[in-house]
Amino acid sequence: MAMPPLQPTTPKSARERGIAVMLTAFLLVFTIPAVGLAIDAGVLYLVRSKLSSACDAAALATARNLNLGLTLEDQRANAIARGTAFFNANFPAGYLGTSNVSPIIDIAQTTLNTLTVTASATGNANLYFMRLLGNTAQLTSSEGRASRRDVNIILVLDRSGSMGGAPCTAMINSSKTFANMFINGRDRMGMITYGASVFRAYPPTTDFKNPGSSILSAIDLVTCTGWTNTPTAYWNAYQELVALNQPLALNMIVLFTDGVPTSVTARYPIRTVADVRYGSWHNNLCGGGPSGECTFPKSPCRDDNNRVPSDPLWGTFAPKMGVVSGGGLNVTTGDTPGLVEPVATGPSSGEPLIAAAQRTDCAMSGGSGRLREDAAYIPAQDVNGLNTTGYMDSGLLRFHATHPYAGQIRVDSPNNIARVSMNLSDNAAAAARNHPNLGIVTYAIGLGSGVDHNLLRRMSNDLVSPIYDNSKVNGIYVHAPTTAQIGAAYARIASEILRLAQ
C-alpha cells in the first residue's frame, strides 16, 4: 500500500529563532534600564562611600589641628583649613565625574569642655545609563562628626642629677614639642619639676602658649640636679587637678623619670634615746664609715623655730619635716642625706637643708649624711598622709625586736629610702586613680635602664600592669631605652591623649 505524499511545512528551528528574537527585543526594553540602574547605583555607592570617608577625615583632622594658633579665631581658621585639605585629599575634584562638591566645616561648643566638629558636603554624581530616562545627575551628600574634649595636663618632669647633660636637653626639647600639640585657650597645662625638692614650675592655665609667660619658657629653665622625689611631685600634680575640679574635662598627669624614686618627705621623729644603727661617711661614730653599726647617743636636736623661751614647747624634740634621700635599692649602708626643704625656690635650685631655725643643735646641720643622728625612724605615713608601706615592702629593713624603736622602718639605710619612696609613689597614683569624680589618667615615660617598669606600669594602670584595674581608665607606660627615643615616647602619649579627647 502506497504512503500519502508529505506536505511541505515551515522548519521548526526557524520558527523558534523568530520567537527568540522577538522575546529578546521585548526583554531588552526592561533589561537595559535594569543594568543601567545597577551600574549607576554602583557609581552612586562609590561616590557616597568616598564622600563619607572624606567628611570623616575632615572632621578628625579639624579636631586634631585645633592647637594651631594662639587665639580661638586663629585656631578655628587654621583647623578648618587643615580639615578642608584632608577632605580634598580624600575626595579629589571630579572623582567619577562628580561636580560642585565642596565641604562645609563647623566647630561648635556642644557641652561644657567639649567641642564638636561637623564636616558636611553635597555634590552632583554623574549618571550614565539613566540618562536614557532623562536623569543626568543625582544629588548626593554626607556628614562626619568628631568631638574633642578639653584636656587638663600636669607635666611632672624629673630634674634629678642622673638626668644631667644629654637626657635633660632631650627631655626639655621633647616636652616643648608635646606642649605645642594642645590647644591654647581651651586645654589647660601646668608643670611640676622635681629633684629632692619639688617646684611648681608653671601653674596650670589655659593660656600656656602666651609668648610673655609660656610653659615653653618655663621648660627651658629646667636644670637637672639632685635626688628623685617622685611621690611628692606626683602628689602635688594630683592636687593641682583636684583644685581645678573639672570632672567633665580629661584630667591627666604625664610623668617623666629616668630612675627609681629616692626621696621621702615626712615628719621625722627625733631620737630621744641612745641606740645602735649604721654610721655614715660624714661622722666618726662608726670609725668614719657606713659599713658597720655602733651606738649613737640621743639627739640634742630641738625645734625652736618660731618659738620663744616662754613657749611650753621651747626646747622640745618635735618631729622635723623635710626630705630625706637615699642611694637606691639593695644598698644597705651608706649616706641618707637630709633633711632637705620640700619646696624648691626656683626651676634649677639646689637641695638646701631645712631652715636653720629648725636645726638647733641638730647633727644634720653639719653634714648631709648625718640625719640618722637626729631622726629616729621613717614614720608610717608621709607628710601627705600616704602610707610608707605597700608595693616594695619585701626587703624593707626594720629595727630588731630589742631595739628602742623596735619594728620601725630604719632611716639609716639607702635601701629603705628607695623602697619607701617607691611605695609612696605607687600609693599616690592609686589615690589619684581612685578619685571619685575626676577620672585622672596617668601616662609615664621611663628613660634608660634604671627605671622600675612595674612601678610605672602600676602608676599608669597600664593594660599589662600586675595590678591593672579595668574599672578605671587606663593610661600607658612607654619605655624610652635611649635619649633618642624620648621624642617618640612623647608622641605616642600625645596620640593616645588626643584619641581619648575625640
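This part covers the sheet that holds strand β4 (residues 151-158). Read across the open sheet, the six strands follow the order β6-β5-β4-β7-β12-β13; overall the sheet is mixed. Both outer strands of the open sheet, β6 (198-205) and β13 (477-480), are each paired with one neighbouring strand and no more. With strand direction ignored, the average angle separating the axes of adjacent strands in the sheet is 10°. Bridging between strand β5 (residues 188-194) and β6 involves five bridges; their strand directions are antiparallel. Across the sheet, Met191 pairs through a bridge with Tyr202, a residue of β6. Packing against the sheet, helix α5 (residues 230-244) makes contact with β4, β5, β6, β7 (250-257) and β12 (441-447), and its axis sits at approximately 165° to β4. Lying over the sheet, helix α8 (residues 486-501) contacts β4, β7, β12 and β13, oriented at roughly 170° with respect to β7.

The next subject is the nonpolar core. The biggest cluster of nonpolar side chains holds 47 residues, and the ones touching the most others in it are Val156, Tyr234, Ile253, Val264 and Tyr268. Of all elements in the fold, only β4, β5, α5, β7, β8 (263-268), α6 (414-433) and α7 (453-460) reach the threshold of two or more residues within this core. With seven residues, α6 is the single largest residue contributor to this core. When near neighbours in sequence (up to four residues on either side) are disregarded, Val156 contacts Ile192, Tyr194, Ala233, Tyr234, Ala237, Ile253, Val254, Leu255 and Phe256. In this structure, Ala170, Met191, Cys224 and Val254 belong to the second largest nonpolar core, which totals 44 residues.

Counting across every chain of the model gives seven aromatic pairs. One aromatic cluster in this structure is built from Phe178, Phe182, Phe256 and Tyr490. One cation-aromatic arrangement involves Lys50 over Tyr95; the distance from NZ or CZ to the ring centre is 5.7 Å.

Among all positions of α7, only Leu455, Leu456, Arg458, Met459 and Ser460 are buried. Against the buried residues of α7 lie α5, β7, α6, β12 and β13. Its side-chain oxygen 3.3 Å from the backbone nitrogen of Asn454, Asp452 forms the N-cap of α7. Asn461, located one to two residues past α7, shows a positive phi value of around 50°.

The next point concerns a nonpolar patch on the surface. Taken together, the side chains of Tyr45, Leu46 and Leu96 define a hydrophobic patch exposed on the protein surface, amounting to about 310 Å² of accessible area. With respect to the helices and strands, Leu46 occurs in helix α1 (residues 12-64).

For any two helices packed against each other, the geometry comes down to the angle between their axes and how far apart the axes lie. At a minimum axis separation of 8 Å, α5 and α6 run at an interaxial angle of 15°. As judged from the angle between their axes, α5 and α6 are roughly parallel. The two elements α5 and α6 cross, and the hand of that crossing is left-handed. Residues Thr230, Pro231, Tyr234, Trp235 and Tyr238 of α5 pack against Ser421, Leu424, Ser425, Ala428, Ala429, Ala431 and Ala432 of α6.

What follows is about the environment of Thr71. Following the sequence through the fold, Thr71 ends up in the loop between α1 and α2 (72-90). Thr71 sits 138 residues away from Lys209 along the chain, and the two C-alpha atoms are 9.9 Å apart.

All right, on to the state of the cysteines then. A full pass over the atoms with the stated rule returns two disulfides. In this model Cys168 forms its disulfide with Cys224; the gap between the sulfur atoms is 2.2 Å. Measuring the twist about the S-S bond at about 80°, one finds the Cys168-Cys224 disulfide to be right-handed. Taken together, the positions of Cys168 in helix α3 (residues 166-179) and Cys224 in the loop between α4 (215-220) and α5 put the pair 56 residues apart, joining distant regions of the chain. Judged by relative accessible area, which is 7%, Cys168 ranks as buried. Paired through a disulfide, Cys301 and Cys362 show a sulfur-sulfur distance of 1.8 Å. Measuring the twist about the S-S bond at about 65°, one finds the Cys301-Cys362 disulfide to be right-handed. Residue Cys301 is located in the loop between β10 (293-296) and β11 (320-325), and its partner Cys362 is located in the loop between β11 and α6; the two are separated by 61 residues in the primary sequence.

Here we come to the side chain of Thr193. By secondary structure assignment, the location of Thr193 is in strand β5. Judged by its relative accessible area of 0%, Thr193 falls in the buried class. One polar contact links Thr193 to Arg159, side chain to side chain, over a distance of 3.3 Å. Once you skip the residues sitting within four places of it in the chain, Thr193 turns out to touch Leu157, Arg159, Val198, Phe199, Ala201, Val222 and Pro347.

Moving on, we get to the packing of α3 against α8. In contact at an axis separation of 9 Å, α3 and α8 are set at 25° when each is read in the N-to-C sense. By the angle between their axes, α3 is roughly parallel relative to α8. Every pair of crossing elements has a handedness; the one defined by α3 and α8 is right-handed. Facing α3, whose interface residues are Pro167, Ala170, Met171, Ser174, Ser175 and Phe178, α8 presents Ile486, Gly487, Tyr490, Ile493, Ala494 and Ile497.

A cis amide bond links Gly338 to the next residue, Leu339, at an omega of -5°. Mapping Leu339 onto the fold places it in the loop between β11 and α6. Here the phi dihedral of Asn245 falls at roughly 55°; this positive angle occurs in a residue that is not glycine. Along the polypeptide, Asn245 turns up in the loop between α5 and β7. Of note in the backbone geometry, Asn330 takes a positive phi value of approximately 60° without being a glycine.

Here we come to the environment of Ala201. Relative to the helices and strands, Ala201 is located in strand β6. Judged by its relative accessible area of 16%, Ala201 is buried. Separated by 46 residues in sequence, Ala201 and Leu155 have C-alpha atoms that sit 9.7 Å apart. In this view, Ala201 contacts Met191, Ile192, Thr193 and Ala218; residues no more than four positions away in its chain are not counted.

Moving on, we come to the pattern of salt bridges. With the rule as written, the count across this model stands at 10 salt bridges. Residues Asp275 and Arg277 are paired through a salt bridge, measuring 2.7 Å at the closest nitrogen-oxygen approach. The exposure classification of Asp275 matches that of Arg277, with both residues buried. Two residues, Asp426 and Arg458, come together in a salt bridge whose shortest N-O distance is 2.8 Å. With a gap of 32 residues between them, Asp426 in helix α6 and Arg458 in helix α7 connect regions that are remote in the sequence. Here Asp426 falls in the buried class, since its relative accessible area comes to 6%.

Parameters and conventions
Residues numbered from 1 in each chain as written. Predicted model: local features only at pLDDT ≥ 70, side-chain atom pairs only at ≥ 80, totals over all residues. Heavy atoms only, no water. Pairing = 2+ DSSP bridges. Helix = DSSP H or I, 4+ residues; strand = E, 2+ residues; numbered from the N terminus. Axes fitted to C-alpha atoms, helices over the stretch in contact; angles between N-to-C directions. Contact = heavy atoms within 4.5 Å. Core = buried A, V, L, I, M, F, W, Y, C linked by side-chain atoms within 4.5 Å. Buried < 20%, exposed > 50% of the residue type's maximum accessible area, 1.4 Å probe, protein only. Phe/Tyr/Trp six-rings, centres within 6.5 Å; stacked < 30°, edge-to-face > 60°. Lys NZ or Arg CZ within 6 Å of the ring centre and 35° of its normal. Polar contact = N/O pair within 3.5 Å; in protein donor to acceptor, adjacent residues only side chain to side chain. Patch = residues over 30% accessible without salt bridge, like charges linked within 9 Å, V, L, I, M, F, W, Y side chains within 5 Å. Areas by Shrake-Rupley, 256 points an atom, 1.4 Å probe, with all protein chains shown as cover. Salt bridge = Lys/Arg side-chain N within 4 Å of Asp/Glu carboxyl O. Parallel < 35°, antiparallel > 145°, perpendicular 65-115°, else oblique. Left-handed = near helix turned anticlockwise from the far one by under 90°. Disulfide = S-S within 2.5 Å.

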